[in-house]
Amino acid sequence: MSLWAKAQQLPADSIHLQQIRGIYGDHFPIEVRHYLAQFIEEKFWSDIELMPENATYETYVGNLVNQLIQEIENKAEGSSEVSEYFLTKLKLAEAAKMFRQRYSQNPMQLFNFIRQCLAAEMKYLQDAGADFMGMGPALTISDSAAEVLHKLEDLRRRTTSTAEDTRKLEQEQEAFALQYHECTKVNAHLQQLKNQGGPACTGDQIHRFAASVDPPDQQTLQMISKKELLEQDLNRRVAQLMELRIRIMEKLRQTYQHLAQLQSQIIDDELIRWKRDQQLSGNGVPFTSNLDQIQDWCESLAEIIWHNRQQIKEVERLKQKLALDPPGVVDALSSILTDITQLLSSLVTSTFIIEKQPPQVMKTNTRFTATIRLLVGGKLNVHMTPPQVKVTIISESQANMLLKNDKLLKGESSGEILNNTGTMEYQQTTRQLSVSFRNMQLKKIKRAEKKGTESVMDEKFSLFFQSQFSVGGGELMFQVWTLSLPVVVIVHGNQEPHAWATVTWDNAFSEPGRCPFQVPDKVPWSKMKETLSLKMKHATGRGLTEDNLRFLAEKAFRGNYNEATNSMLSWAQFCKEPLSERNFTFWEWFFAIMKLTREHLRGPWFDATIMGFVKKKQAEEMLSTCPAGTFLLRFSDSELGGITIAWISDSQEVFSLQPFTAKDFTVRSLADRISDLNHLITLYPDTPKDAVFNKYYTPYQDQQQPINGYVRPLLVNFVPGFNNTATNYNATPNHSSYMSPDPLRDTPSVASSYAGSTATMTTGPGGLSMNMDCFDNLDESSYAGIDINEIVALSYNSK
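Residues numbered from 1 in each chain as written. Predicted model: local features only at pLDDT ≥ 70, side-chain atom pairs only at ≥ 80, totals over all residues. Heavy atoms only, no water.

Helix and strand counts for the chain stand at 24 helices and 21 strands. Relative to its 799 residues, the chain shows a buried fraction of 48%. Long-range pairs, those at least 24 residues apart, make up 70% of the contacts in the chain with a sequence separation of at least 6. Taken as a whole, the chain presents about 38,800 Å² of accessible surface, with 49% of it coming from carbon and sulfur. (Helix = DSSP H or I, 4+ residues; strand = E, 2+ residues; numbered from the N terminus. Buried < 20%, exposed > 50% of the residue type's maximum accessible area, 1.4 Å probe, protein only. Contact = heavy atoms within 4.5 Å. Areas by Shrake-Rupley, 256 points an atom, 1.4 Å probe, with all protein chains shown as cover.)

This next bit is on the packing of aromatic side chains. Inspection of every chain in the model, using the stated rule, returns 33 aromatic pairs. Measuring from centroid to centroid gives 6.1 Å for W571 and F574, while their planes differ by 35°, and the two rings are tilted. Placement of the pair is W571 and F574 together in helix α17 (residues 571-575), with a separation of three residues, close to one helical turn. Residue class for W571 comes out buried when judged on its relative accessible area of 17%. (Phe/Tyr/Trp six-rings, centres within 6.5 Å; stacked < 30°, edge-to-face > 60°.)

In this structure, T351 sits in the loop between α12 (333-350) and β1 (352-356). Relative accessible area serves as the criterion here: at 0%, T351 is assigned to the buried category. One polar contact links the side chain of T351 to the main-chain carbonyl oxygen of L347, over a distance of 2.8 Å. Here the side chain of T351 touches V348 through a polar contact of 3.2 Å, landing on its backbone oxygen. (Polar contact = N/O pair within 3.5 Å; in protein donor to acceptor, adjacent residues only side chain to side chain.)

With that settled, the discussion passes to the side chain of Q311. Considering the arrangement of structural elements, one finds Q311 in helix α11 (residues 291-321). Among the polar contacts made by the side chain of Q311, one reaches the main-chain carbonyl oxygen of T159 at a distance of 3.1 Å. Apart from the residues within four sequence positions on either side, Q311 is in contact with T159, T162, A163 and L252.

Attention shifts here to the pairing of strand β8 (residues 432-445). One ladder, built from seven bridges, connects strand β3 (residues 367-374) with β8; its direction is antiparallel. The residue of β8 that forms the bridge with R367 is Q441. Where strand β5 (residues 415-418) lies against β8, four bridges are found, and the strand directions are antiparallel. If you follow L418 over to β8, its bridge partner there is Q441. Sheet topology places strand β7 (residues 425-427) next to β8; three bridges connect them, and they run antiparallel. If you follow Q427 over to β8, its bridge partner there is Q432. Remark: four residues form the turn of the hairpin made by β7 and β8, two consecutive strands paired antiparallel; R431 in that turn has positive phi of roughly 60°. (Pairing = 2+ DSSP bridges.)

Here the focus is the nonpolar core. Counting 122 residues, the largest nonpolar core has F28, L463 and F465 as the members making the most contacts within it. Sort the elements by how many residues they give to this core and helix α10 (residues 218-281) lands first, with 16 residues. Look past the residues within four positions of L463 in its chain and what remains in contact with it is P358, M362, F368, V391, T392, I393, I417, M440, T482, L483, S484 and V487. Core analysis: the next-biggest nonpolar cluster, separate from the first, contains 57 residues, L579, F590, I610 and I674 among them. (Core = buried A, V, L, I, M, F, W, Y, C linked by side-chain atoms within 4.5 Å.)

If you walk across this open sheet you meet the five strands as β16-β15-β14-β17-β18, and the pairing is mixed. Each edge of the open sheet is held by one strand with a lone partner, namely β16 (654-656) and β18 (687-688). The pairing of strand β17 (residues 682-683) with β18 spans two bridges and is classified as antiparallel. Residue pairing in the sheet places T682 in a bridge with P688 of β18. Across the sheet, helix α20 (residues 616-624) lies against β14 (630-635), β15 (643-648) and β16, angled at about 165° from β14, the strand it touches most. (Axes fitted to C-alpha atoms, helices over the stretch in contact; angles between N-to-C directions.)

The buried count for strand β9 (residues 461-471) comes to eight of eleven residues, which makes it a mostly enclosed element. Note that strand β4 (residues 388-395) and β9 share seven bridges and pair antiparallel. Bridge pairing links V391 to F465 in β9. With eight bridges joining them, β9 and strand β10 (residues 476-483) adopt antiparallel strand pairing.

Another aspect to go through is a nonpolar patch on the surface. Residues F86, L87 and L90 make up a contiguous nonpolar surface patch of about 350 Å² in total accessible area. Its relative accessible area of 67% is what places L87 among the exposed residues. (Patch = residues over 30% accessible without salt bridge, like charges linked within 9 Å, V, L, I, M, F, W, Y side chains within 5 Å. Salt bridge = Lys/Arg side-chain N within 4 Å of Asp/Glu carboxyl O.)

Time to look at the environment of Q70. If you trace the backbone, Q70 turns up in helix α5 (residues 57-76). According to the relative accessible area criterion, Q70 is partly exposed, its value standing at 38%. For the pair Q70 and R100, spaced 30 residues apart in sequence, the C-alpha separation works out to 9.5 Å.

With their axes 9 Å apart at the nearest point, α5 and helix α7 (residues 107-127) run at an angle of 75° to one another. Classified by the angle their axes make, α5 and α7 are roughly perpendicular. Along the contact surface, α5 presents Y57, E58, V61, G62, L64, V65 and L68, while α7 presents P107, M108, L110, F111 and I114. Tallied by class, the residues present in the contact of α5 with α7 amount to ten nonpolar, one polar and one charged. (Parallel < 35°, antiparallel > 145°, perpendicular 65-115°, else oblique. Nonpolar A, V, L, I, M, F, W, Y, C, P; charged D, E, K, R; others polar.)

Working note: non-glycine residues mostly have negative phi, and peptide bonds are mostly trans. Between P516 and F517 the backbone carries a cis peptide bond, its omega angle lying at -20°. Residue position: F517 is located in the loop between α14 (496-509) and β12 (522-524). Of note, the amide linkage connecting Y684 to P685 takes the cis form, showing an omega dihedral of 5°. Residue position: P685 is located in the loop between β17 and β18. With a phi angle near 55°, N419 is a residue other than glycine that sits in the positive phi range. Following the sequence through the fold, N419 ends up in the loop between β5 and β6 (421-423). Notably, E581 is not glycine yet its phi reads approximately 60°, a positive angle. The topology assignment puts E581 in the loop between α17 and α18 (586-600).

What the rule picks out here adds up to 38 salt bridges. The partner of K151 in a salt bridge is E147, and the shortest N-O contact between them spans 2.8 Å. Of this pair, K151 and E147 both sit in helix α8 (residues 143-197), four residues apart, which is roughly one turn of that helix. The class of E147 is partly exposed, set by a relative accessible area of 35%. A salt bridge links E314 to R317, with the nearest nitrogen and oxygen atoms 2.3 Å apart. With E314 and R317 both in helix α11 and three residues apart, the pair spans about one turn of that helix. Take E314: its relative accessible area is 23%, and that puts it in the partly exposed class. Here R317 falls in the partly exposed class, since its relative accessible area comes to 33%. Sharing partners across several salt bridges, the network here consists of E172, D233, R236 and R237.

In this fold, S414 is placed in the loop between α13 (396-405) and β5. For S414 and I393, which are 21 residues apart along the polypeptide, the C-alpha to C-alpha distance reads 5.7 Å.

Let us look at the sheet that holds β10. Spatial ordering of the open sheet is given by β6-β4-β9-β10, a layout of four strands whose pairing is antiparallel. Each edge of the open sheet is held by one strand with a lone partner, namely β6 and β10. Across the sheet, the axes of successive neighbouring strands diverge by a mean angle of 25°, strand direction being ignored. Where β4 and β6 come together, three bridges link them in antiparallel fashion. Bridge pairing in β6 places V389 opposite G422. Docked against the sheet, α13 engages β4, β9 and β10, running at close to 125° with respect to β4.

Any link to function would need more than the numbers given here.
Pasting the structure below:
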């Protein structure tokens, strides 16, 4: 029996069935769950075999979501099962349209949401005692999500119960008013009878008067008896009304307490966690947004709070119609109304959030974007009068003043932003009230005075988004604002590395609730290495190994790293103080490597064919015991964004090529350069180079026929003195005179980089020519014994 079938067997008044119904809402209609039950459980539960780490996982999920949307559309277009239910078909069609618009670019979000719904179903059915033997793999829902769903359902029941009591109170008051009116009429009639026989008198006097009549007046006695019964009933009703009012007031007070506790859990825990995850994603931490789920929770909260607020006002209205003040009971309605209104205000202001952050490294006169969203805007009908949002940029000190005073001085900012206003729009299908700023541009920036070693790349700003709107037909007015993540403003590309250092440190190590934008001056290496690995993985697809991280620790601590003590790395060591015998910092060196790898070495790095982070001496030791022609790839210690090839020669001597940089790889890729050099045979430790790099070689294109009257040349990497001619060519002489390493460089190297040291050979149908400019910086001893004529005479041989 399916999961949904088990849910349908629950009694209609079962709390567990109510909990299951509460799982589904506008983001995932329960009609979709019902009519696609088999498909959903088979595809989103039983058939899940791939793990998230699998390279095809995202493609699989995307196809699965597309299948779901297609299935919903098929159901809505005329399935016999729902042909009689016109409104249901419309609901399914709307759901399919909403899914396609909202999740086509982010299918993982819908996939995870459906899995959470199924997990919640299973949990509630387990609580109800259902058996799941043989029903497929277990699903899990986070304890916090399950707790929120349970508390929301409890609050709905409380609100419904209070609403019923309020209706009962109104009915009782109306009945009391009718009976009181009847009693008044009886009293008036008796008083009229008495007035006929004498002056006005009290009820007891009326009673005595009636008894003195001989014979007794039966009509008068009946009226007196009726009056007594009415008064007794009125007294009983008054007691019931007072008891009911007290009960309602206590229910409202308890509901407010539960609302405050749940709102704190959603806003202070779940939403703050989402914001923190959003910030960490700037450092490469995987970010699976559950903002739609948080919006569902916040909308449910807003709806419940609003209903309770209306109930309080209704009880106050009823109280004014019938002033009954129970003795010894303090009237707390006005206090509860104030508290619950403040709760709503806090919810609204807290859910004015930045869904898409502006770039944290922002260059002047460069277009950038951002998206603002009000999570409860649709539920409170804010879109009926669409609010405007204004953006300004403020400094760190201004951000501190804002948090202290909850406002900025009029016109106060630290720069000028073009296209800085926008109107929030409501999308019916996605139920999102948001505004996207697509063409903002920072024209100028006003900086603070620098102290000590501070630079403009250390200075943090923030974008200040503000708006105002009313709800309840103007009953409540809200002024809302929010701050972006810290932003570093640069004017030139060469400021980018240090700016990213500031942003990376802030994203990784800022504490929740800090004063803007305080960060620790020192952090444990255990946290820093995690950050570096995440940054590398985000940029290149593969993180750092423990060996890589030990190498980086030695470099960052300038050789003074102690793994046992979890040393503290300072901000100065990270990006202020140059590395030993270098004119660049640790971060500049790491950032350049990360950039080079992302732009030119991503494939080989992902395949782990680039060892990368290894010391020159260690590389020599590793190669010294290998056969001639064995080589490895390591990042340069001396050159920013450089990678070198170290290999062992026939004479068992280890050589290193002068590092290649991004400029070199724009001319010829690393794989093609390795292919060019025949003396590189085996990638350390024992893998033939073609087996590793063949898939990255540039395919040879036949150039026998000129294109547009020209023969296209082919650039080939060449190291003088080695048997290195590529397989495309033959008859390369092998010379015993090698180039001596440059004594000024940290890594002794053989020159082999384009525009200064690479021999660029141009080939064509007629043979091969050679650009000799590469030898301009070499002395005669460097290539003594090399027969240049013989090199130039090489014949052309296609692959």
